[in-house]
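Examination of the molecular architecture
Spelled out from the first residue to the last, the chains are:
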Protein chains: 2
Amino acid sequence: MQAQIQSVKRRRLHEDIVQQFHALIREGALKHGDRLPAERELAEQFQVSRSSVREAIRSLERQGLVVSKPGAGTFINTETLDSVVTLLSSTFGTGSDALRDAFEMRHLLEPPIAALAAQRATPEEVAKLREILEEQQRQIDQGDTGVEADTAFHFALAAATHNAALIKVVSAVEDVLQHSRGQSLEEPGRRQRSLASHRQILERVEAGDYRGAQQAMDHHLTVVEPSSPQSGETGGSEPAGWRP
Amino acid sequence: MQAQIQSVKRRRLHEDIVQQFHALIREGALKHGDRLPAERELAEQFQVSRSSVREAIRSLERQGLVVSKPGAGTFINTETLDSVVTLLSSTFGTGSDALRDAFEMRHLLEPPIAALAAQRATPEEVAKLREILEEQQRQIDQGDTGVEADTAFHFALAAATHNAALIKVVSAVEDVLQHSRGQSLEEPGRRQRSLASHRQILERVEAGDYRGAQQAMDHHLTVVEPSSPQSGETGGSEPAGWRP
DNA sequence: CCTGTCCGATGGTCAGACCAATTTTAGACG
DNA sequence: CGTCTAAAATTGGTCTGACCATCGGACAGG
């Protein structure tokens, strides 16, 4: 008699086991250094096969929560950086917050990225940026939202910093936000404003004005592409378009 | 006689498989969306049992690098933030640019993080930060460099932003830079300066002064923990083509 | 008390099997 | 010939039972 139907997503057994261990660790039932029961014993307790127990342990190990020693046993390990991160992410929401977090991270990263790009962009990279904006103009004239060119611009700007780590992180963030941005650009007026804003950024980058570029990007993110229209708290405000 | 005894860790088979996949993804042999061979086929190719293959896949899945769909297959997934972070950590250590990039990224992220922390830190988190600084003081008094507490401080500060994405990225960056920071703190004077600098940051965070916190962190990173020993200042415009 | 050996417990791996979901294919139908 | 449908093949998820290398502690011997 399950009054509440959980997500339709079928849980895999080992994932379920992992979450049970997360709970046990969070509640303090399992502390650092504790040794957990043998795999065969766990299998019996959870009423699953040893394979599932082992796959669960593999996940926990990759999260830094446990370490396995052949012949000795498997031990709780909550004194690593990894484990802290895992428990934090596990405690805080893992759903709608992600989008908000990504927006915030972009807002932190992009202005200084624009500044770095202004200092380091090669003529070829500037040309590439200009080309992208022309493409964006074409897409808009054609009635498209220009979201691809929009994303491409931010990515090319990150590339102009010549910082591989930054490029990777930005690409991940942009990818997560691309869908949301597409929605934002549905309003006709925004497309032109976004393009104009991009042009302003490029102009400062071209001039090598890193301060101006940073401010232009900040303005772009604050005014033209507002991060989170809805003030929703962690309530089940799933963005539209969620489909299994 | 203390001949350099290198640990002869036995590599577990699934660990080996995981690393092989890391390499394949890094080299570009496996791109986003690619479907990798069936588990039974992989078992035959690697000459291991299906169990080991599955445990390896479980690790990769927990790292966000792949997703498994029953009946369909297992697919490469490198467009999530998680996957980027893992690949960053996995890639680091290869190439001197990576270290420089990481320093630069930290310098971009940490000041605004300090500002966010000043706005959002709970009393418990402030207490945790203070506790970390006391621990740093103890370590220094004891003749240690205090590098663990140093890293812990930056991490706890990121945690105070309540932004899971930021926390993960910062943890990856801090992890990479911890070793280098340890070297930097070898100079005796630096330890106390670093601690004093941390105290200043905490003071601004406690006061909720996000502007002051940001400036204090910027000062900390610029003056106390300089990224590049050489003159390299961000002001100068880098000549084109300084990097392949 | 110390030392070396033995044995049970434990993690790591293997092989084969069945199930459920999905994809592909073959066949029926218009 | 194209389209829809049902059967077959494929694939991930799970289970069972087994063997091995290693570790820990008990135990006997010095």
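Residues numbered from 1 in each chain as written. Chains lettered and ligands numbered in written order. Predicted model: local features only at pLDDT ≥ 70, side-chain atom pairs only at ≥ 80, totals over all residues. Heavy atoms only, no water.

**Some thoughts on the overall build of chain A**
Within chain A, the secondary structure is distributed over 10 helices and three strands. Going residue by residue from the N terminus, the α and β elements of chain A occur as α-β-α-α-β-β-α-α-α-α-α-α-α. (Helix = DSSP H or I, 4+ residues; strand = E, 2+ residues; numbered from the N terminus.)

**Some thoughts on the interface of chain A and chain B**
At the interface, 40 residues of chain A touch 49 residues of chain B. Around 4,100 Å² of area is buried between chain A and chain B when both sides are counted, 60% of it from carbon and sulfur atoms. Broken down residue by residue, the surface that chain A buries against chain B is led by Arg62, Leu81 and Leu108 of chain A, which jointly contribute 15%. Between glutamate 55 of chain A and arginine 54 of chain B there is a salt bridge, and its shortest N-O distance comes to 2.7 Å. Those elements that provide at least two residues to the side of chain A that touches chain B are helix H1 (13-27), helix H3 (50-62), helix H4 (81-91), helix H5 (96-120) and helix H8 (164-184) of chain A. With 11 residues, H5 of chain A is the single largest residue contributor to the side of chain A that touches chain B. Considering only residue class, the side of chain A that touches chain B consists of 19 nonpolar, nine polar and 12 charged. (Contact = heavy atoms within 4.5 Å. Buried area = accessible area lost by both parts, 1.4 Å probe. Salt bridge = Lys/Arg side-chain N within 4 Å of Asp/Glu carboxyl O. Nonpolar A, V, L, I, M, F, W, Y, C, P; charged D, E, K, R; others polar.)

**A few points about the protein's contact with DNA strand D**
Around DNA strand D, 26 residues are found, and the nearest of them are Leu13, Ser49 and Ser52 of chain A together with Arg40 and Arg50 of chain B. Measuring from a phosphate oxygen of DNA strand D, one finds a backbone N or O atom of serine 49 of chain A at 2.8 Å. Residue glutamate 39 of chain B places a main-chain N or O atom 2.9 Å away from a phosphate oxygen belonging to DNA strand D. Contributions of two or more residues to the surface near DNA strand D are made by H1 and H3 of chain A together with helix H2 (39-46), helix H3 (50-62), strand S2 (66-69) and strand S3 (73-76) of chain B. (Near = heavy atom within 4 Å. Polar contact = N/O pair within 3.5 Å; in protein donor to acceptor, adjacent residues only side chain to side chain.)

**Digging into the packing of aromatic side chains**
Residues and elements named next belong to chain A. This structure, assessed with the given rule, holds two aromatic pairs over all chains. For the pair phenylalanine 21 and phenylalanine 46, a centre-to-centre distance of 5.9 Å together with 65° between the ring planes defines the contact as edge-to-face. With phenylalanine 21 in helix H1 and phenylalanine 46 in helix H2 (residues 39-46), the pair connects residues that are 25 residues apart, well separated along the chain. By relative accessible area, which is 5% here, phenylalanine 21 ends up buried. Over the aromatic face of phenylalanine 75 sits the side chain of lysine 69, whose NZ or CZ is 5.7 Å from the ring centroid. (Phe/Tyr/Trp six-rings, centres within 6.5 Å; stacked < 30°, edge-to-face > 60°. Buried < 20%, exposed > 50% of the residue type's maximum accessible area, 1.4 Å probe, protein only. Lys NZ or Arg CZ within 6 Å of the ring centre and 35° of its normal.)

**Comments concerning the sheet that holds S2 of chain B**
All names here are of chain B. Taken in spatial order, the three strands make up an open sheet running S1-S3-S2, and their pairing is antiparallel. Both outer strands of the open sheet, strand S1 (35-36) and S2, are each paired with one neighbouring strand and no more. Of the strand pairs in this sheet, S2 and S3 are connected by four bridges, and their pairing is antiparallel. Counted as the bridge partner of valine 66 is isoleucine 76 from S3. Along the sheet face, H3 touches S2 and S3 and points at about 120° away from the line of S2. (Pairing = 2+ DSSP bridges. Axes fitted to C-alpha atoms, helices over the stretch in contact; angles between N-to-C directions.)

**Side note on the environment of glycine 208 of chain B**
Topologically, glycine 208 of chain B is positioned in the loop between helix H9 (188-206) and helix H10 (210-224). The spatial distance from the C-alpha of glycine 208 of chain B to the C-alpha of glycine 143 of chain B is 33 Å, given a sequence separation of 65 residues.

**So, the domain arrangement of chain A**
When cut into domains, chain A gives domain 1 (2-84) and domain 2 (93-224). The centre of domain 1 of chain A, based on its C-alpha atoms, is set 41 Å off from the matching centre of domain 2 of chain A. (Domains from an automatic or database assignment.)

**Some details on the protein's contact with DNA strand C**
Surveying the vicinity of DNA strand C reveals 26 residues, the closest of which are Arg50 of chain A together with Arg12, Leu13, Ser49 and Ser52 of chain B. Of everything in DNA strand C that lies within 4 Å of the protein, sugar and phosphate atoms constitute 66%. A distance of 2.6 Å separates a phosphate oxygen of DNA strand C from a polar atom in the side chain of arginine 12 of chain B. Counting only elements with at least two residues in the surface near DNA strand C, the list comes to H2, H3, strand S2 (66-69) and strand S3 (73-76) of chain A together with helix H1 (13-27) and H3 of chain B. Per-class residue counts for the surface near DNA strand C are seven nonpolar, nine polar and 10 charged.

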